[in-house]
Amino acid sequence: MSSDSSKKRKPKVIRTDGGLQEGKRGKADADQDVRYYSEECEVDLRDPIKDYELYRETCQELQRLMAEIQELKSRGIKDNASEIDERRIQSCVHFMTLKKLNRLAHIRLKKGRDQTHEAKQKVDAYHLQLQNLLYEVMHLQKEITKCLEFKSKHEEIELVSLEEFYKEAPPEISRPAITLSEPHQQTLARLDWELEQRKRLAEKYKECLTSKEKILKEIEVKKEYLSSLQPRLNSIMQASLPVQEYLFMPFDQAHKQYETARHLPPPLYVLFVQASAYGQACDKKLVVAIEGSVEEAKALYKPPEDSQDDESDSDAEEEQTTKRRRPTLGVQLDDKRKEMLKRHPLSVTVDLKCKDENVLHLTFYYLMNLNVMTVKAKVTTAVEMTTAISAGDLLSPDSLLNCLYPGDHGRKTPNPANQFQFDKVGILTLSDYVTELGHPYVWVQKLGGLHFPKDQPQARHTPSPPLSTRTRSWGLGRFWGQLSCPHTVTADNSLSASHMELTVKLLRTRLQSRLALHKQFASLEHGVVPVSSECQHLFPTKIVSRLVKWAAIPYEDYAELPYTKDVIEAGLAEDTHLYYMALIERGTAKLQAAVVLNPGYSTLPPVFSLCLNWKGERTSSNDDNIRAMESEVNVNYKELWGPKPGYQLLTNQLQRLCMVLDVYLETEPHDPSVEGPKEFPQEKMCLRLVRGPMRLKPFKFNYPQGFFSHR
């Protein structure tokens, strides 16, 4: 069967793109061309959707015929050859249909592309015309703008008004009959009048110059007289020095100070003026002085000289240093940091003396490139104080002035612009340099008349000081601090004056409270709780519990204690506060007291957290009476303030802790399972041992009756 089918196959005809050769083209080719062009016309008449349906039906018929031929061949019957040939013929017809549909599809595609190309060319032509029109519009707009912006030189001259022109100008220049009706002639007439006026003013200017020269000659004569007067005045001042010393009126010394103050930067100058004025008017124990090199300060204000010789010298130095190794990036950064943190050569010292002759020495510096002031503190005592280990941080320069005003830690610069300056030279924060430079407290800036915006907006507006305070300058006038320094800085004199009095009082109070704590800590380390005679009535005559330990602890150790979490969560313990551990014992009972000492002591009371180790560990979280003991010292602290200014508050709180520990132990019920006498016999007289469902003990001491009761 396969041989018969191969004999019936027609030979294939291979066609090239160019078609048949010219010599072999005949009538069939002409008929084919006629059919090709007829199919192009047929495309417009036929529906593409119907052709697609015909294509699908033809494909389905081909699939069916191929399946039938396959089935007939698989049977292997010789009589089926005629049926197979018939189906082959039908398949060829369908193939012809598919070829025709393919030609029609290609013709449609070619026509679609041609139409798209023609439409695109039209769009491009329209777009080109649009661009040409837009360019012409833009060119015309530029020409219009040039015409509108044209200005004549006479428009820059400020001419007199029309009313003044017709009033003052003579008629031969103003010519009202012509200029009132013609604006151009009017402008020309006004320009003529302006020229006439300027000629007159030029003559007056020459006359003034001649009179000025006469006056300058008179001034020179008077200057010569005054210069000859200065040596005489100096000799008189030198002769009056013994009189000044005898009458305690150092006019000469004050004059030298004010001469030196001329070279201070504006913030330090404002501080010097206001502190000196306040000391003269209100506080005789406040001493202000200026320290540093005046010559270096003068060098800052000298303008750079035009040094041609220096250029030649620098060229020679460059030739010598070419062989040297260039500084590394780290060395360059260090030099930039030093220049950034450079202080002014002059500083202002303020000495605050107390009644007991103790002195607080404050040295104020000005960082020129950062535009902030810093301060260093030092304490000098009249009597040598007993060394106390726990009092090491009380008079430390780093913690002595912390939080003089609430939240003013002095760790970061108050000037927001400094952070951008630090980023350029690789400085993370100013706190790494405060030991060398001093602390930039906010109150220091205000004393120097500097004001910077805060990092966060305040919830409410703080009222400005009263007018009498804002305009007061302690009798030495107003100075705005605009000197010819490398960076012009403005210092507000009224801002310094409004904060001077309160700040001096706070500084003196801080010194006295720290010195009082220093003396108390020396006694506490020896197990003695000092109680003054004015506060004896707050406690019973006999207190058995005693203080056995008092030591300073770091903030990290305080935070690790399990019974101090409530204080930390409440925000009452910060790393700027001072932390101590007290241990009170009576028999086998040991009471640990973790103490938080606020820098503002005694205005702000210490906060105690208690833990009693006796028959287990008892804290405020598992024992209501321990919480009541904490309340006795933390909440009712006003009873323990004692005489003003309340520097005995801490020792009175410790004494009350010893008292309430006695009450706690003596009122505990006796365990019947334990043989022998009660460990802590009741020695305190109590109206009721316990009260209420919480079984609270009577911790309140009533004087002069001498018994304990509930609150």
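Each value, and the rule that gives it
Every chain is numbered independently, its residues counted from 1 as its sequence is written. Selection of residues for local features in this predicted model requires a pLDDT of at least 70, selection of side-chain atom pairs for listing and counting requires 80 or more, and totals for whole chains, interfaces and linings are taken over all residues. Side-chain measures were taken over the full set of non-hydrogen atoms in the model, leaving aside hydrogen atoms and water. Counting from the N terminus, the helices are the DSSP runs of H or I reaching at least four residues and the strands are the DSSP runs of E reaching at least two. Burial classes: relative accessible area under 20% of the type maximum marks a residue as buried, over 50% as exposed, and values in between as partly exposed (1.4 Å probe, protein chains only). The Shrake-Rupley method, run with a 1.4 Å probe, gives the accessible areas here. Residue values count only the displayed protein chains as cover. The patches described consist of residues with a relative accessible area above 30% and no salt bridge, like charges being joined within 9 Å and nonpolar side chains (Val, Leu, Ile, Met, Phe, Trp, Tyr) within 5 Å. Salt bridges are defined by distance alone: a side-chain nitrogen of Lys or Arg within 4 Å of a carboxyl oxygen of Asp or Glu. Per-residue confidence from the predictor is reported as pLDDT, which spans 0 to 100. By the convention used here, residues are in contact when the closest approach between their heavy atoms is within 4.5 Å. The set of buried Ala, Val, Leu, Ile, Met, Phe, Trp, Tyr and Cys residues whose side-chain atoms join them within 4.5 Å is what this entry labels a nonpolar core. We call two strands paired when DSSP finds no fewer than two bridges between them. Note on geometry: axes are C-alpha line fits, over the in-contact stretch for helices, and angles between N-to-C directions span 0 to 180 degrees. Think of it this way: a Phe, Tyr or Trp ring, Trp meaning its six-membered ring, pairs with another when their centres are within 6.5 Å, and the plane angle makes it stacked under 30 degrees, edge-to-face over 60, tilted otherwise. Between the first and last residue of a helix there are one fewer steps than residues, each counted as 1.5 Å, and that sum is the expected span. The scheme is simple: roughly parallel for angles under 35 degrees, roughly antiparallel for over 145, roughly perpendicular for 65 to 115, oblique for anything else. Rotating anticlockwise by less than a right angle from the far helix to the near helix defines a left-handed crossing, while the corresponding clockwise rotation defines a right-handed one.

## A word on the overall build of the chain
Thought 1: The helix and strand tally for the chain stands at 23 helices and 11 strands.
Thought 2: Per-residue burial for the chain yields a buried fraction of 35% across its 711 residues.
Thought 3: Surface summary for the chain: the accessible area is close to 46700 Å², and the carbon and sulfur share equals 55%.

## Here's the deal with a nonpolar patch on the surface
Thought 1: Residues Leu140, Ile144 and Leu148 make up a contiguous nonpolar surface patch of roughly 340 Å² in combined accessible area.
Thought 2: Along the chain, Ile144 turns up in helix α4 (residues 81–149).
Thought 3: Judged by its relative accessible area of 49%, Ile144 falls in the partly exposed class.

## Regarding the confidence of the model for the chain
Thought 1: Summarising the model, the chain shows a mean pLDDT of 83, and 83% of its residues fall at 70 or more.
Thought 2: A low-confidence stretch, residues 1–26 stays under pLDDT 50, and its non-local contacts, those more than four residues away or across chains, total 9 contacts.
Thought 3: Low pLDDT, under 50, characterises residues 306–311; the stretch is placed with 0 contacts to residues that sit more than four places away or in other chains.

## Things to note about the pattern of salt bridges
Any two side chains of opposite charge can pair, given that their charged atoms come close.
Thought 1: This model, assessed by the stated rule, comprises 30 salt bridges.
Thought 2: The closest approach of N and O atoms between Arg656 and Glu639, which form a salt bridge, is 3.1 Å. Taken together, the residues span a long stretch of sequence, with Arg656 in helix α23 (residues 649–666) and Glu639 in the loop between α22 (624–634) and α23 at a distance of 17 residues.
Thought 3: A residue is classified by how much of its surface remains accessible, and Glu639, at 38% relative accessible area, is partly exposed.
Thought 4: The partner of Lys684 in a salt bridge is Glu666, and the shortest N-O contact between them spans 3.4 Å. Here Lys684, found in the loop between α23 and β10 (700–702), pairs with Glu666, found in helix α23; they are 18 residues apart in sequence, far enough to count as distant.
Thought 5: Residue class for Lys684 comes out buried when judged on its relative accessible area of 8%.
Thought 6: Assessed through its relative accessible area of 1%, Glu666 is described here as buried.
Thought 7: The network of salt bridges with shared partners includes Glu42, Arg46, Asp51, Lys100 and Arg108.

## Thoughts on the nonpolar core
Thought 1: Counting residues in each nonpolar core, the largest one holds 53 residues, and the members touching the most others are Leu264, Leu360, Leu362, Phe364, Leu401 and Trp443.
Thought 2: Mapped by element, the contributors of at least two residues to this core are α11 (266–281), β1 (286–292), β2 (346–353), β3 (359–367), β4 (372–380), α15 (417–425), α17 (442–447) and α19 (493–524).
Thought 3: With 7 residues, the single largest contributor to this core is α11.
Thought 4: Excluding residues within four positions of it along the chain, Leu362 makes contact with Val348, Thr349, Val350, Asp351, Val375, Lys376, Ala377, Leu401 and Leu507.
Thought 5: Among the nonpolar cores identified, the runner-up in size contains 51 residues, and Cys658, Met659, Leu661 and Tyr664 belong to it.

## Side note on the sheet that holds β1
Thought 1: Pairing is antiparallel in the open sheet, where 4 strands are placed in the order β1-β2-β3-β4. Unpaired on one side and paired on the other, β1 and β4 mark the two borders of the sheet. Adjacent strand axes in the sheet meet at a mean angle of 20°, parallel and antiparallel pairs treated alike.
Thought 2: In the sheet, β1 pairs with β2 via 7 bridges, with the strands oriented antiparallel. Counted as the bridge partner of Val288 is Val350 from β2.
Thought 3: Running at roughly 150° to β1, α11 makes contact with β1, β2, β3 and β4 of the sheet.
Thought 4: Against the sheet, α19 makes contact with β1, β2, β3 and β4, and its axis sits at roughly 60° relative to β2, the strand it touches most.

## Topic: the packing of aromatic side chains
Thought 1: A complete count under the given rule lists 10 aromatic pairs for this structure.
Thought 2: Their ring planes at 15° and their centres at 5.7 Å tell us that Tyr441 and Trp443 sit as a pair that is stacked. Trp443 matches Tyr441 in its accessibility class, with the two residues each being buried.
Thought 3: An angle of 55° between the planes, with centres 5.4 Å apart, marks the rings of Tyr555 and Tyr579 as tilted. You can see Tyr555 sitting in helix α20 (residues 555–560) and its partner Tyr579 sitting in strand β6 (residues 578–586), a full 24 residues away along the chain.
Thought 4: Owing to a relative accessible area of 25%, Tyr555 belongs among the partly exposed residues under this scheme.
Thought 5: By relative accessible area, Tyr579 is classed as buried at 4%.

## Re the sheet that holds strand β8 (residues 607–613)
Thought 1: If you walk across this open sheet you meet the 5 strands as β5-β6-β7-β8-β9, and the pairing is antiparallel. Of all strands in the sheet, those with a lone pairing partner are β5 (546–552) and β9 (617–619), marking the two edges. Pairwise comparison of adjacent strand axes, ignoring direction, gives a mean angle of 20° for this sheet.
Thought 2: Here 6 bridges tie β5 to β6, and the two strands are oriented antiparallel to one another. By the bridge assignment for β6, Leu547 is matched with Ile584.
Thought 3: On top of the sheet, α19 reaches β5, β6 and β7 (589–597); it is set at about 125° to β5, its chief contact.
Thought 4: Lying on the sheet, α22 is in contact with β7, β8 and β9; it crosses β8 at an angle near 150°.

## Some thoughts on the pairing of β6
Thought 1: For β6, the tally of buried residues reaches 9 of 9 residues, placing the bulk of the element in the interior.
Thought 2: Taking every second residue as pointing to the same face, both faces of β6 are buried, with Leu578, Tyr580, Ala582, Ile584 and Arg586 on one and Tyr579, Met581, Leu583 and Glu585 on the other.
Thought 3: Strand direction decides the pairing type here: β6 and β7, joined by 9 bridges, are antiparallel. The residue of β7 that forms the bridge with Ile584 is Leu591.
Thought 4: Linking β6 back to β7 in an antiparallel pair, the connection comprises 2 residues, with Gly587 at a positive phi of about 65°.

## Observations regarding helix α8 (residues 183–239)
Owing to its 3.6 residues per turn, the α-helix aligns residues three or four sequence positions apart on the same side.
Thought 1: For α8, built from 57 residues, the straight-helix expectation of 84 Å at 1.5 Å per residue is met to within 8% by its first-to-last C-alpha distance of 79 Å.
Thought 2: Where α8 is concerned, the buried positions are Gln186, Ala189, Arg190, Trp193, Glu194 and Gln197.
Thought 3: Looking at the buried positions of α8, the neighbouring elements they touch are α5 (162–168), α6 (171–174) and α7 (176–179).

## With respect to the environment of Thr349
Thought 1: Turning to its location among the elements, Thr349 is positioned in strand β2.
Thought 2: If near-sequence neighbours (up to four positions away) are discounted, Thr349 is found in contact with Val287, Val288, Ala289, Glu291, Leu362 and Thr363.

## Section: the pairing of β4
Thought 1: Bridge analysis of β3 against β4 gives 9 bridges, and the strand direction is antiparallel. For His361, the partnering residue across the bridge sits in β4 and is Lys378.
Thought 2: The loop that links β3 with its antiparallel partner β4 comprises 4 residues; one of these, Asn371, has a positive phi angle of about 60°.

## Description of the packing of α11 against α19
Helix-helix packing: each pair is described by the crossing angle between the helix axes and the interaxial distance.
Thought 1: Orientation of α11 relative to α19, taken along the N-to-C sense of each, is 50°, at an axis distance of 10 Å. Viewed along their axes, α11 and α19 adopt a mutual orientation that is oblique. The interaxial crossing formed by α11 with α19 has right-handed handedness. Facing Val270, Leu271, Gln274, Ala275 and Tyr278 of α11, the residues of α19 in contact are Asn493, Ser496, Ala497, Met500, Glu501 and Val504.

## Here we look at unusual backbone geometry
Thought 1: The amide bond that connects Tyr601 to the next residue, Ser602, takes the cis arrangement and shows omega of 10°.
Thought 2: The omega angle of the peptide bond from Tyr703 to Pro704 is 10°, so this bond is cis rather than trans.
Thought 3: Tracing the chain through its elements places Pro704 in the loop between β10 and β11 (707–709).
Thought 4: We note that Asn371 has phi near 60°; this positive angle belongs to a residue other than glycine.
Thought 5: Along the chain, Asn371 falls in the loop between β3 and β4.

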